[in-house]
Structure formats: C-alpha cells, structure tokens
Amino acid sequence: MKIIITGSLGNVAKPLSQQLIAEGHDITVISSNPSKKNEIEALGAKAAIGSITDVHFLTTTFEGADAAFLMTPPNMGFENIVENTIQGGKNYAEAISAAGVKKLVMLSSVGADSPIDNGPIKGLHHIENLYCTLENTSVVFLRAGYFYINFFNDIPLIKNAGIIGGNYAGNISIPLVHPTDIAKAAAEELVKSSDGKKVKYIVSDVRPANDFAQVLGAAIVKPELPWIEFKDEESLNGMLQAGLPQEIAKLYVEMGKGIRTGVLQADFIKQGSPANGKVTLEEFAKEFATQYNS
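About the thresholds
Residues numbered from 1 in each chain as written. Predicted model: local features only at pLDDT ≥ 70, side-chain atom pairs only at ≥ 80, totals over all residues. Heavy atoms only, no water. Salt bridge = Lys/Arg side-chain N within 4 Å of Asp/Glu carboxyl O. Buried < 20%, exposed > 50% of the residue type's maximum accessible area, 1.4 Å probe, protein only. Pairing = 2+ DSSP bridges. Helix = DSSP H or I, 4+ residues; strand = E, 2+ residues; numbered from the N terminus. Phe/Tyr/Trp six-rings, centres within 6.5 Å; stacked < 30°, edge-to-face > 60°. Lys NZ or Arg CZ within 6 Å of the ring centre and 35° of its normal. Axes fitted to C-alpha atoms, helices over the stretch in contact; angles between N-to-C directions. Core = buried A, V, L, I, M, F, W, Y, C linked by side-chain atoms within 4.5 Å. Contact = heavy atoms within 4.5 Å.

Participant: Quick rundown of the pattern of salt bridges? Include the residues and the values.
Facilitator: Under the defined criterion, the tally for this structure stands at 16 salt bridges. Between Asp205 and Arg207 there is a salt bridge, and its shortest N-O distance comes to 2.9 Å. Note on accessibility: Asp205 and Arg207 belong to one class, buried. One network of salt bridges, with partners in common, ties together Glu188, Glu189, Lys192, Lys198 and Lys200.

Structure below.
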C-alpha cells in the first residue's frame, strides 16, 4: 500500500513508519523540517517537506495514496491554539477530498467526544466532526490516552519541590498510553479494509493519579513522592512560572478540570475502559527513571 504519514519523525510517526516499511509498504513522511529529509530517507521512506498550512502541497503529496495517518502538530503557535488546530484539520480534509484518499486514521484523544472542559482536545473534537462529513473516505478516530512521555515535564517539579501533581485528586483514574502502542494500533488500522467512520480507543494502562507518584517515585528511588492536588489557580500559576505561555497553560488547566469532573473520561468509561496497549505504567517507569537521571 501507498501510505502517507504526517507528524514528521515524532514519537508516534517514527515507529509507525518503521513498522509499515518493515511490512513492505510504500511510505511517504510529511515533515515541515528540511533537516529531517535525510533521516526520513534513511528509514526507507520518501520525504515530503512542506507545511500543513499549504493545501496545494498536501493535495499533491496525498495524490495516489491508499491511506493516510493524520495528526495535527502539538505546537500550533502560542495564540489561537484551538483555532489553529482546527484549521490544520480543515487543510487536511480539503487535500484528502481533492486527492481522493479512501482511508484515514486520525490521531485523536480520549475526551474528543466532548465540546467542553477538555482544553486543547477541543480542536480534535471539531476535527472529528469535520472528518465525519468526508464522503467516500473511511475514517478511524484513534482516541489515545494521556501520553506517558508528558510525565517528563514533571521532572523539574519533582527535583525542585519533591512533589508531583495536577488539578485533580489522586483517586481519579486516568487512561494512559505509550507512543509505541499508538503506532502499532495505527499500523493495524491503516492496512485493514474498513468502511464508514469509527472510534477506536488506544490506551496502555488505566491508573489513579496516586499511582503516578508511587510507581514513578519508586523508579527514581523516591518512594515517598506524593501526589498533590492543586487548585486551578495554583496549577495555572505553576505552569506560568515554569514558562508556559498563558493560553497553553489555561488550556491545560481546563483539561485538568475535565479530568476532575469526569467529562474527559466519560465516553471511554462508557465504552468499557478498553486498555488494549502493552506498555504498563511500571514498564514506562524505567524510561522515566532514565530520563530523570540523565
């Protein structure tokens, strides 16, 4: 199959590309970074260097493809983030329609079913609705859990204050995912024949926030590491002090509120809380310890 992969050589796109290339598929990787061209080609893929803001570039790249893996970049600027994310989805949709691609796998998120209280995921909610209107194109919405690797952002807090936390309680369970599990699920869906539009959750483990402190703390020899529930204002101020732009910080606080109220996890729980990935929190903790000690 001829398959287009967006996301450059990121945490999901790279292992996804490697798996599909090993299976013998014709892979093109889209990247906005010209310096990635040689690395992409070294994997055995073709490199398409350009911006997802350029619909003509996208259309030309998608032409003749059997399937495409679509993800919007996590960094869509520091202002109008949700709007920019939605516009990226619109550009993909326009190019997919013009090129006549018959199958899409979209990297979405747990919580994308909700139009409220999900922070940056709100953009994915609108993109899912947009892709549902694509005619003659089957779509799998791959709703991923909270990325394990986001815990790397907590390392300075652990080192400086000896705590880990968020604006939700320690007894609230969160669906988690490892990028390699997403890549495996995406590879499976891309080569599978399917019709219509469907949602598939990809989650590696489901654990209460207190376990984040316990398991990650044990891995870095801090067994007493506590999970601290912050007030929304405290969470916002902490992120601003850490250097996050205000709009991004506010979106993350809103997402934490959605976790606290249960809005974010509601549909995942309704679907039976499927944990179909392989990497447990304990297994990820080894990676965390390596990063913490580096």
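Continuing now.
Participant: Let's hear about the sheet that holds strand 9 (residues 173-177): which residues, and what values?
Facilitator: Strand order in this open sheet of 3 strands is 7-9-11, and the pairing throughout is mixed. Sheet topology places strand 7 (146-147) and strand 11 (205-208) at the edges, where each strand pairs with a single neighbour. Sheet topology places strand 7 next to strand 9; 2 bridges connect them, and they run parallel. Within strand 9, the residue paired with Tyr146 across the bridge is Leu176.

Participant: Provide a residue-level description of the packing of aromatic side chains, including the pertinent values.
Facilitator: Aromatic rings considered in pairs are described by the distance between their centres and by the relative angle of their planes. Applying the stated criterion across every chain, the model contains 12 aromatic pairs. Between Tyr146 and Phe151, the aromatic rings sit 5.6 Å apart at their centres with planes inclined by 65 degrees, giving edge-to-face as the arrangement. Ring centres of Phe152 and Phe288 lie 6.3 Å apart, and the angle between their planes is 20 degrees; on these two criteria the pair is classed as stacked. One end of the pair, Phe152, is in the loop between strand 7 and helix 6 (155-161); the other, Phe288, is in helix 12 (residues 281-293), and 136 residues separate them in sequence. Assessed through its relative accessible area of 22%, Phe152 is described here as partly exposed. We classify Phe288 as buried; its relative accessible area is 0%. In this structure an aromatic cluster arises from ring pairing among Tyr146, Tyr148, Phe151, Phe152, Tyr168, Phe212, Trp227, Phe284, Phe288 and Tyr292. The ring of Tyr292 has Lys159 lying over it, and the distance from NZ or CZ to the ring centre is 4.9 Å.

Participant: Any chance you could break down the sheet that holds strand 6 (residues 138-144) for me, citing the residues and the numbers?
Facilitator: Adjacent strands of a sheet pair through backbone hydrogen bonds, lying either parallel or antiparallel. Spatially, the 7 strands line up as an open sheet ordered 3-2-1-4-5-6-10, and their pairing is parallel. Each edge of the open sheet is held by one strand with a lone partner, namely strand 3 (46-49) and strand 10 (197-202). Taking each pair of neighbouring strands and ignoring which way they run, the sheet shows an average axis angle of 20 degrees. The pairing of strand 5 (residues 103-109) with strand 6 spans 7 bridges and is classified as parallel. Directly across from Met106, in strand 6, lies its bridge partner Phe141.

Participant: Pulling in residues and values, what's your account of the nonpolar core?
Facilitator: By size, the foremost hydrophobic cluster in this structure holds 85 residues, and its most contacted members are Ile5, Phe62, Phe69 and Tyr131. Sequence-distant contacts of Ile5, that is, excluding residues within four places in its chain, are made with Ala13, Leu16, Ser17, Leu20, Ile27, Thr28, Val29, Ile30, Phe69 and Leu190. Among the nonpolar cores identified, the runner-up in size contains 5 residues, and Ile81, Val82, Ile86 and Leu251 belong to it.

Participant: Any details on unusual backbone geometry? Residues and values, ideally.
Facilitator: The phi dihedral of Ser8 falls on the positive side, at around 55 degrees, and the residue is not glycine. Turning to its location among the elements, Ser8 is positioned in the loop between strand 1 (2-5) and helix 1 (13-22). With a phi close to 55 degrees, Asn80 is a non-glycine residue in the positive phi region. Along the chain, Asn80 falls in the loop between strand 4 (67-70) and helix 4 (81-99).

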